[in-house]
Amino acid sequence: MWTPTKNQKFGVAIYNFEAEHVQQALRLDVGETVQILEECGGWYRGFSTKNRNLKGIFPSQFIHLKPFKIDNEGIYETVAPVEDPVVQEAASVLREWGQIWKDLYVVLGTPHGDQELWDAVRKTMMDIADWRKMLITGTLTSDQIGQIKLKITRKIDWGNRRLGLDLVPRVDGEMVDPDAVSVVELYRVHVLSAETSQGHSQGLGTLAKKKDRRKAQSHHLFFCMRDFSYHLGEDAEVFFSLYDACKGKFISERFLVKLSKEGFFNYVEKIHSNCTIFTDLGSADLASELYIVAHVVRVGRMLFSESVKKSSSHSYRRPHGVALFRLAPSVLQGADGEVELTGKLFSSDEKDFWQLPELVFKKQSNKYSIMSNNASYGLVVSVKVVHGELEQATKENPLLLKNVCITKKLGFSDVIMPGDVRNDLYVTLNSGEFERGGKSVAKNIEVTVSALDAEGRPLECIYSGMGHEGTTEYASMIMYHNNSPRWNERLKVAIPIDQFGGAHLRLEYRHCSTREKNEKKLFGFSFIRLMDDEGGTTLRDGSHELCVYKCDERARLNNPAEYLTMPFLSKEAVDCIYSLPFQRSPKEFIVIDTLLCSTKLTQNVDLLSLLRWRSTPDGIGETLSRVTRVDGAETVKFLQDVLDALFAMFSTDDGNSTQHSGHVFQALVFIFSLLEDTKFEHFKPVMDAYITGHFAAALVYKGLISCVKHLSDLCPQNEKQEPIMRCFRSLEYIFKFIIQSRLLFARATGGQNEDSFRIDVDNLFESFAHLLNMHLENIENSQITLLEHLQGACDQLCQVLSPGEVSNHLSNLFNATPFESTRELTRAKLNAMKNSINSSLFDDDDGRAVLLETISTHLRQHLEGRLELRLCGDVLSDLVIVIHKNVKSQYSGRLPPALHRDVETVMLTLFDVVVQVILSLERTAPSSGTLVACLMGILQFMEESHYGRLWDANIGSDAHRLRHLLYSTTVLLSDLVRAAVFPSDWFVMRMVTNHTILTAMQEIAQPLISTFLKQGRFDNQLWSNYLNLAVGFLTQPCLQLEHFSQQKRHKVLERYNDMRVLMGFQILSMWHNLDDHRLHFIPGMVGPFLEVTLVPEPELRKATLPIFFDMMQAEQQAKGNFKQVETELIDKLDILVSENKGDDEYRQLFNTILLERVRSNDPVWRESGTAFINSVTRLLERLLDYRNVMQGDENCDKRMSCTVNLLNFYKNEINRQEMYIRYIYKLHDLHLPAGNFTEAAFTLQLHASQLAWTQRMLHADHLYPAQTETQRKELIYMKIIENFDKGKCWEEGLPLLEELATQYRCRLFDYQKLSEVLRRQARFYEEILSCNRHDNEYFRVGFYGLGLPLFVRNKAFIYRGLEYEQIRDFTQRIQTEFPQAKILPPNTPPDDTIRSSDGQYIQICAVKPIPEPNPKFDGLEVDDRILKYYAVNHVRCFVYDRATYRGGADKDNEFKNLWIERITYTIESELPGILKWFEIVDQRIEQLCPPQCACETVEKNNKQLKQMSLQYRANPHDNIQPFTMRLQGTIDAAVNGGIAKYQDAFFGPDYLHVYPENSEHVNRLKVLFSEQTLILEGALDLHGRIAPPANQPLHRRLVEVFEDLRIKVRKICSTPQSQRSVSSLQSTPPPPLTHRRADSDPATEFRRIGSIINSPLPPLPSDKCAASISSSSTSGHSSQRSSQASSLYAHFQSASHDDELYAKPQEWDEGVGGSQRDSRPRSAFITDSRGSSPKSLTKSLNSDYVIVPSSKAVSDDSQRWRHSRPPSPRAPRNSGTQDSLNTSWSDSQGSQESLPPLPPRGNEKQIRSVSLGGEEDVPPPVLPKRMGKKCPSPAMYGSDQFLGDDVDGCSSSGDGLSNGLPASTPTTPPLLSPRNHRTPPPPPIPPKTTSTPITPLSPPTSFTTLNTSGDDMTPTTPTNIIVDQHLDGSHNSLHENYSVPTRLQPQLPPPSQ
């Protein structure tokens, strides 16, 4: 049984757990944290913290339990591990960043990718993970833990800012708990965090709490010598010191590193002997140009030589070189860590060695040189700057700084600490001047410095450099043979303070010989005392020139008393008149510099006289006057002694003042003011310690108060305000002494004179008040100073007076300061208030009550006057923070009375004015954020009783004030909610603010209901504001939890719940309270409430959706309809859904809930309401579809579909014209970027159709200005015409241009525009005839599966492809749009399983269009270039063919059983249109038998041959290879068997007996073969004329083979009469004999019908031998052909009985008669391209004769049908080059079929033809009479095809029609008689096959061209009869055939069997 866990609540997965084989198991990964809810038998039940919504079970052995704590117990309780907050935060951040990092990885390599950001996030995550691991191990010290935490928080804050995440407010590196601080304090933390975060671009993070950082901070430079590559041969000393190039002096002691002669690495004296730290560098030092200077001194022989191997008995210090290292600013700031520096040694003459660094700085290269070195480097050092106090820096860097010697700064640091004890004297050997002493060369002088005490004992206190112990003496460098040496050597003398008084320095001078045996010879000495015996002052800093006394015996110096009485300075020795023990050399001297750094000794005489004032009482006045001139550093060193002396002089023993009291007070004020200096601010604790521990003047308080009052009273009369201002600045310490003195006095006397003390204090504050109340310009600075430092005095007074009394004094001073003061004084007053709020006075209830009322009153005055708003905001912020802290500390269910009173005071005084001020401010104002936080803070600690008190205080008699307050408050809160004053990443601040507003709104609702809902006081504006505020609150982005990460969402729910739901129910409650007033909010609140219901929270939606029913009910009752609700709802729904609001769940809820309310309430408007709800539901469906496809280039087509759905909805369902037009332009804007100019034009036509040619004014919108309806329609027309022009649809633009021309011509009379329109119209006509347009392909696309969008789900469409787009490219484009979809094979219809599955499936196949009838071309001879457009445009029907085999395919001859399944599709609208696709609304399926398939195959081959012939006639110089291959493949077929296969399949003796119903198709196939021979005859003739010599042998071979082929065809077509189909011979009665036209010429008539195939021809007269062979190619391109060409079979005439198959005389007489005959198209001639008769191929094959077609009579309907489309809709037409050769005769009425051209009349003089190069058309020859008696060859039936005539694709018919010829043709054609010939009627149509419509299958590919070779009739194996793999090769497929539309097929009886 599952039981809730108590001690097992939180754990971590230590193994992976797969949940595949366990029911309800929860999959876990290693490291995943889980919260455990229940346990049972070794299993836990719970959820992962990554997804709290998914619960499951998992083994307990897989979980490691951790200590936990439970927060916020209840439904949203949180179990958190008991870990360090930083560790938890790091884990949470890594989880959140991990997903973001993955998302960044996904977009890498795309235009939106950011490799740099991805790398940065990855590195940061790795760093945080490593640091977190270090914290968890528990092996770090506390300091290291602090550093790691700081690094983690800095990195987290940097990453959050870089990734655009929320700012984390921190205090001391830890996150702030928003419940523990006030809103104002939280705001300040955010401000500081944001400022700090912006300042750390490298991830330094945020530390929100402002620390009290000292303005002057100490810095230290760690130094380490790493290498020395120079070889000196002897020992060496390297001195390092810091040099300030800006000041031109050294600023530090010297650090010494000693090197042995073996080298640097062989000499290690002790650990860290090569490291030091230069301390106490100030900020000014780091800002300067610092160098490390290294002086290298060689220690050994006087003159070093490599040849001398013997060691020297003497060691001399000789100068060697100098190295410099520049410290870059980056190094000094410490940003680069420890940095390694490399430098070279410089050398110079010894006389210049002292200034060698300056020579290098000044780059005086003529005086120095770089020393050579074998290594690439020279001297290598490393440095690192650390900050803070040295003790703290050592703790932070223990490994670096521990046990490292200290090298101090010369002089005191910027900050002097009270505990610092230092007594260092720095002596610099500068220069000397010595006599030669009778020697021929100068001396080698060595100076030895020693320090001796008063008894002459040497002291071990001399340091040549830090890093080594002190010595008793120091030997200087020796300058070789130089009597005027300059050393510039500095040494440190650290004499103990108790021995400093009698100590002196002695300098001994020795000459050092270069000879090894000679000793150093003493020749003189100097000395200097360190302290004056009389005055007690030390040696002054500076340069000192010392006397040189002669002495050659060292023993004489053992008794210092002998020479200490002598003068030691040269200037003093000049005046010496008594004899001396030692003789002074007057020309010799030495110059040294001294610097004393001591905290115990002074060089100041004035300070010494102050300390010894009792010895000279008469000089007290002078001494006190000189105190202000004493250096502050000297004063603070002796602070205690100085204060004792001053207070001793201030008053007498009985407490009375003295004559010096005023001067003493000034001296005290001077000393107090010193402590305000940053350099000495650390001495304040010393002063405080003195006051509490050493101060004993119990009687001075009265005198001090009197002095302060005296200065205050004198302030208005005194011109010099500086002493008074200095006194006011020192009020804190003055009152410290006053209070301490009073306490001492009270302790000594038992509290006597207390009243007197109070009176003195009262008088003093009265004086202050009087001073502050004055309006004098000269005292303003003093007033400001008094206010600034007043709080320090008040704080001290609280020790002896009650807080209430002190608060009264302070309040009186605030009130005394006039309101109309200067800005500076006002600021000072507000700052004083701010100080008082943060003082201890506010901790006391009485003191706080007094000050709070005063401060609130003053703040209100300043806020109302808009004065110092920023400072007022700061004061109010501190006020709110202090009250909040008191509330937090004292709150126990309800506020204590004192705090309740304080809150009420602030609320009543400031609430309304703060609201007004915020409303008047811009959101970018500096004080805006602070004031808003203050307002939220006031609201935060207001209780229900406070709100009630606020309403009562403002209600008055007419509630006007209350209304104004409520109005302002709701407007302000609405503004804050909609235009948040806080940045978007301040999420914590925003959530606290929202929670506060939510609570306030619940209270604001009370006066609305109680006061402003009554009939007399109902305020529509107030209620509207409140409801809009509630809606704005609920819909603000920061509350939309579904957009948050799971961790963030859970935190919000845990702390605040879902505030949207709470506000939603508040809205519902207020709505229910309105009752009869609801009508006031219709339609204004429809949109806001709709926005509320769209929030994706189910409970909220269910609660608020019924509001719409209430609105509909209210409007229906009031007005009888709910039109306003309907209109507003639809308008706003469109806008809101486009803003990504709403989902399918909302659509279902909207429909379900509202319909249920309508049904349950059953109102009278039930039907209209139900219809409206259903209509909105459908609109929602379309809007959601539209929104789902708004993004992504691959969704462009989807957007268009959805836009059209919406467009149609707004027009057809709800008739909203403005929305309809809006979506028209949305669709137009989608078409243009996609290049769909034609569709864009058709789209704009929708708008144009809504306009008329009137002068009605139309309003301006975002697309058009205000203009008349005519102007707007004209403008739209021009856009449409431009788009049609770009889309090459000039035919569509011509009617618009015509309409515009009519307007310009007849109504507007604007001839200028008329001329422009006509010019464009003319250009369009030219473009139609001259421009080459590629026909667009069409494709059927079926979408199946429930995973697809609703608007395409389980639907099929016909797509209009892009220009030159084939099926492969189209498929790829569709797949890009639906990347998840699977492509189904085109031959497999999808079953119900696929349709109902959750996947996505797409089926694509190519289809061919069926042209629509166009009656405007009926009876006209139209250029094919004009008709070509209508063959593939303005189409609604399309066909798709699929090859099948019945009974299985015959391996020997596949043609026998090859059937075609033809599907005809009809779409809902013509293409092209407003879309490039439309849905299929109907489909029909029919079957084509094998002979029909064969007819279409042969017909297609004929068509291709004809096209190539036309192409090469027009362009004879093109590459002839394709032409040759086509002829060879047809005539000399190597594969597929050619005609033999068809002969075997269909022309056998038994075929028609078995399949008599196919006789028509078999006969038509024979005609097609006859036609093919004629086409080949003309093609071979053309080939022979244009073939190059190299191809002539092949041509002759083709001619020979063609003779055999023709014989085979003749045999096939001469089938015995017995094999004819009986049914085909009985279809029509004999034709009448009156068909021949009376005006026809026999020769001309025969020219149309004769043939040269079957019999030899007699010679013709020369003037009639040149037959014109007309070509239809007028554009020079193979796809262009003449519209004059017509079918030969249309002119076939015969008087035989067989003509009954073709025509009925009644149809001819009724359909074509009278004037109609004159309007028929004329026949076209074909002339030789050379203008003469072509040469004959053989004796029997002569192309000098032309086969002339016959005419055929048809009915009116069939005539129109034939002029525009092929006979059957089952036969699709090939688009592309082959289609371009078809001629279409159609008009705008949509006629059905092409009418074949009739023969010209005999008396017609002008016969139109198109010549291919002939100079003129030659009249046709007269046909011999014998031709009329012969049976014509079957080639006659196809001669039209050779001539290039194709009446709009009629030859492509699949139902027995070939260019108007019946399917069943007699095997022996009847005799041709021009006199009795008549045009045959249309052939009978085979009955349609009844079948159930099925899904289209894959289109078959093209058949191989049928060929024969020689006389061999043996069938060959056909190949590639059906190739369904090449779906994109649709132009070679069987789709070129068309079928007769069902509505046009005659109802004929089925053929007899």
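Criteria and cut-off values
- Residues numbered from 1 in each chain as written.
- Predicted model: local features only at pLDDT ≥ 70, side-chain atom pairs only at ≥ 80, totals over all residues.
- Heavy atoms only, no water.
- Phe/Tyr/Trp six-rings, centres within 6.5 Å; stacked < 30°, edge-to-face > 60°.
- Helix = DSSP H or I, 4+ residues; strand = E, 2+ residues; numbered from the N terminus.
- Buried < 20%, exposed > 50% of the residue type's maximum accessible area, 1.4 Å probe, protein only.
- Lys NZ or Arg CZ within 6 Å of the ring centre and 35° of its normal.
- Pairing = 2+ DSSP bridges.
- Contact = heavy atoms within 4.5 Å.

Caption draft 1: Here's a closer look at the packing of aromatic side chains. One pass over the full model with this rule turns up 68 aromatic pairs. For the pair Phe 1455 and Tyr 1542, a centre-to-centre distance of 4.6 Å together with 5 degrees between the ring planes defines the contact as stacked. Note that Phe 1455 is positioned in the loop between strand S38 (1435–1445) and strand S39 (1458–1471) and Tyr 1542 in helix H53 (residues 1539–1546), a separation of 87 residues in sequence. Tyr 1542 shares its class with Phe 1455; the two are buried. Note on Tyr 1551 and Tyr 1555: the rings are 5.0 Å apart at their centroids and 45 degrees apart in plane angle, and the pair reads as tilted. A residue is classified by how much of its surface remains accessible, and Tyr 1555, at 37% relative accessible area, is partly exposed. A network of ring pairs unites the aromatic residues Phe 1455, Tyr 1542, Phe 1546, Phe 1547, Tyr 1551, Tyr 1555 and Phe 1569 as a single cluster. Looking at Lys 155, its charged tip hangs above the ring of Trp 158, at a distance of 6.0 Å from the centre. Its guanidinium or amino end placed over the ring of Phe 239, Arg 254 lies 4.0 Å from that ring's centre, counting from NZ or CZ.

Caption draft 2: A look at the pairing of strand S2 (residues 10–13). A two-sided burial pattern is seen for S2, the buried positions comprising Phe 10 and Val 12 on one face and Gly 11 and Ala 13 on the other. Sheet topology note: the S2/strand S3 (residues 33–40) ladder contains three bridges and is antiparallel. Residue Phe 10 lies in a different strand from S3, and its bridge partner there is Gln 35. The pairing of S2 with strand S6 (residues 63–65) spans three bridges and is classified as antiparallel. Within S6, the residue paired with Gly 11 across the bridge is Leu 65.

Caption draft 3: Geometry of the environment of Asn 1205. Here Asn 1205 lies in helix H42 (residues 1196–1213). What makes Asn 1205 partly exposed here is its relative accessible area of 26%. Separated by 18 residues in the primary sequence, Asn 1205 and Tyr 1223 have C-alpha atoms spaced 9.7 Å apart. Once you skip the residues sitting within four places of it in the chain, Asn 1205 turns out to touch Arg 1182 and Phe 1351.

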